Amino acid sequence: MLDRARDGMSEIESGASVAERLARAAKSSDMLSAVWTLPPAQRLMFHPGTQLTDIDGGSTPGFDGDKDDGERFIDISSSEIARYQRLLYANGVKGSSRRLLIVLQGMDASGKGGIVRHVFRQGDPMGIHYHGFGKPTAEELEHDFLWRVQRELPKHGWIAVFDRSHYEDIVMPHVYGTVPEEIWRARYEQINTFERNLAADGCAIIKIFLVMSRDEQRRHFLARLDDPTKFWKFDLSDLDARDRWDDYMAAWQEVFERTSTPAAPWYLVPADSRWYSRAVVSELLRVTLKNMNMTWPGLNADIDREEAIRRLR
């Protein structure tokens, strides 16, 4: 199926018209999706009753292939993501409000940064905005907790990727008690309203939590301490968070229960196998862009194409 999808994509540009090319791209994308026994959007979406602690971080649900197959999938899918990203950007330039926000969350060392590098490996930097959220600055603390998030939202036609997000402003006080409970609990509904308004204004939202096992995190931490080129990645706060693993799991469980909505659902993605989590994100992203059903914008009404060609000769 991967070979068929790749061959189909190689024929897209031979289409006689824009509509035919887009139809071929959609068909090839559907063939690529067929490698999944059940689409990740269905298999991994949070549903009432789903328990974070029951998810096996080492599993690869819905994908029967091995690491090599996963890498091939990512490579083929990333070329189509790049195609749809250019289409999204072109529509944004012409006034469309369509855009995409990807929220990546997970425990330390769960692979958030690697996903960005691999999934967007063929993307155009013009049109992709990446932002990592850390501890709020003094300036940010002077404002509502969503103030710093609103500043980083995708512009029309753009894709924004958040490495951590506004959800830290619920989870951290939940775990450490840094903010009164009545304040951080009120943020659930504030976030739901915020995301619902974003979606209504043309911004698609993909929220992903990378489910890593405690043993796998330990392996990555030890690898960082064994490699001088990775010392910079390690911080003692990582161990503090690890010591409160169960508290974090309980806090995130409540987040999913309170903020997984039709407009902005959560996807809980096993992440011990990095190739698998990257393949899942690639699939979710590509399908979301495809389902926007965009077409290439035409020339401005005031442009005479034949006259423009004449002047260029």
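Owing to the predicted nature of the structure, the values given are computational and were not obtained by experimental measurement.

Conventions we followed
- Residues numbered from 1 in each chain as written.
- Predicted model: local features only at pLDDT ≥ 70, side-chain atom pairs only at ≥ 80, totals over all residues.
- Heavy atoms only, no water.
- Core = buried A, V, L, I, M, F, W, Y, C linked by side-chain atoms within 4.5 Å.
- Buried < 20%, exposed > 50% of the residue type's maximum accessible area, 1.4 Å probe, protein only.
- Helix = DSSP H or I, 4+ residues; strand = E, 2+ residues; numbered from the N terminus.
- Contact = heavy atoms within 4.5 Å.
- Pairing = 2+ DSSP bridges.
- Phe/Tyr/Trp six-rings, centres within 6.5 Å; stacked < 30°, edge-to-face > 60°.
- Lys NZ or Arg CZ within 6 Å of the ring centre and 35° of its normal.
- Polar contact = N/O pair within 3.5 Å; in protein donor to acceptor, adjacent residues only side chain to side chain.
- Salt bridge = Lys/Arg side-chain N within 4 Å of Asp/Glu carboxyl O.

Asker: Is there a simple way to think about the nonpolar core in this case?
Answerer: If you look at the biggest cluster of nonpolar residues, it comprises 41 residues, and the most contacted ones within it are Phe73, Phe120, Ile208 and Leu289. Per-element accounting of this core gives the leading share, eight residues, to helix H13 (residues 274-290). Residues in contact with Phe73, not counting those within four places in the same chain, are Leu2, Leu32, Val35, Trp36, Phe63, Ala279, Ser282, Glu283 and Arg286. The next biggest cluster of nonpolar side chains, apart from the first, holds 35 residues, and it includes Leu52, Ala160, Val171 and Trp252.

Asker: Before we go on, may I ask you to explain the pairing of strand S1 (residues 99-106) in this structure?
Answerer: Counting buried positions over the eight residues of S1 gives eight, a clear majority of the element. With burial as the criterion, each face of S1 is covered, one bearing Arg99, Leu101, Val103 and Gln105 and the other bearing Leu100, Ile102, Leu104 and Gly106. For S1 and strand S4 (residues 203-211), the ladder comprises eight bridges, and the chain directions are parallel. Pairing of Ile102 across the sheet is with Ile206, part of S4. Note: S1 against strand S3 (residues 159-163), five bridges, orientation parallel. Within S3, the position partnered with Leu104 by the bridge is Asp163.

Asker: Please explain the packing of aromatic side chains as it appears in this structure.
Answerer: For any pair of aromatic rings, the description rests on two quantities: the centre-to-centre distance and the angle between the ring planes. Taken as a whole and judged by the stated rule, the model has 18 aromatic pairs. Summarising the aromatic geometry, the rings of Trp252 and Trp266 are spaced 6.0 Å apart at their centres and angled 75° between planes, so their arrangement reads as edge-to-face. Here Trp252 is found in helix H12 (residues 245-259), whereas its partner Trp266 is found in strand S5 (residues 266-270), with 14 residues between them in sequence. The residues Trp252 and Trp266 share a single accessibility class, namely buried. Relative to Tyr276, the ring of Trp275 lies with its centre 6.1 Å away and its plane at 90°, an arrangement referred to as edge-to-face. Tyr276 carries the same exposure label as Trp275, and that label is buried. By the ring-pair criterion, three or more aromatic residues cluster together here, those being Phe46, Tyr167, Phe209, Trp252, Phe256 and Trp266. Over the ring of Trp158 we find Lys155; its NZ or CZ atom is 4.3 Å from the centre of that ring. Taking NZ or CZ as reference, Arg187 lies 4.6 Å from the ring centre of Phe145, over its face.

Asker: Teacher, can you tell me more about the side chain of Arg83 here?
Answerer: Here Arg83 shows up in helix H4 (residues 67-93). In terms of polar contacts, Arg83 uses its side chain to reach the side chain of Glu80, at 3.0 Å.

Asker: What is the right way to read the pattern of salt bridges from this model?
Answerer: Side chains carrying opposite charge are able to pair once their charged atoms draw close together. Applying the stated criterion across every chain, the model contains 16 salt bridges. Linking Arg148 and Glu140 is a salt bridge whose minimum nitrogen-to-oxygen distance equals 3.3 Å. Both residues of the pair, Arg148 and Glu140, count as buried. Shared partners join several salt bridges into a network, and the residues in it are Asp108, Arg164 and Glu168.

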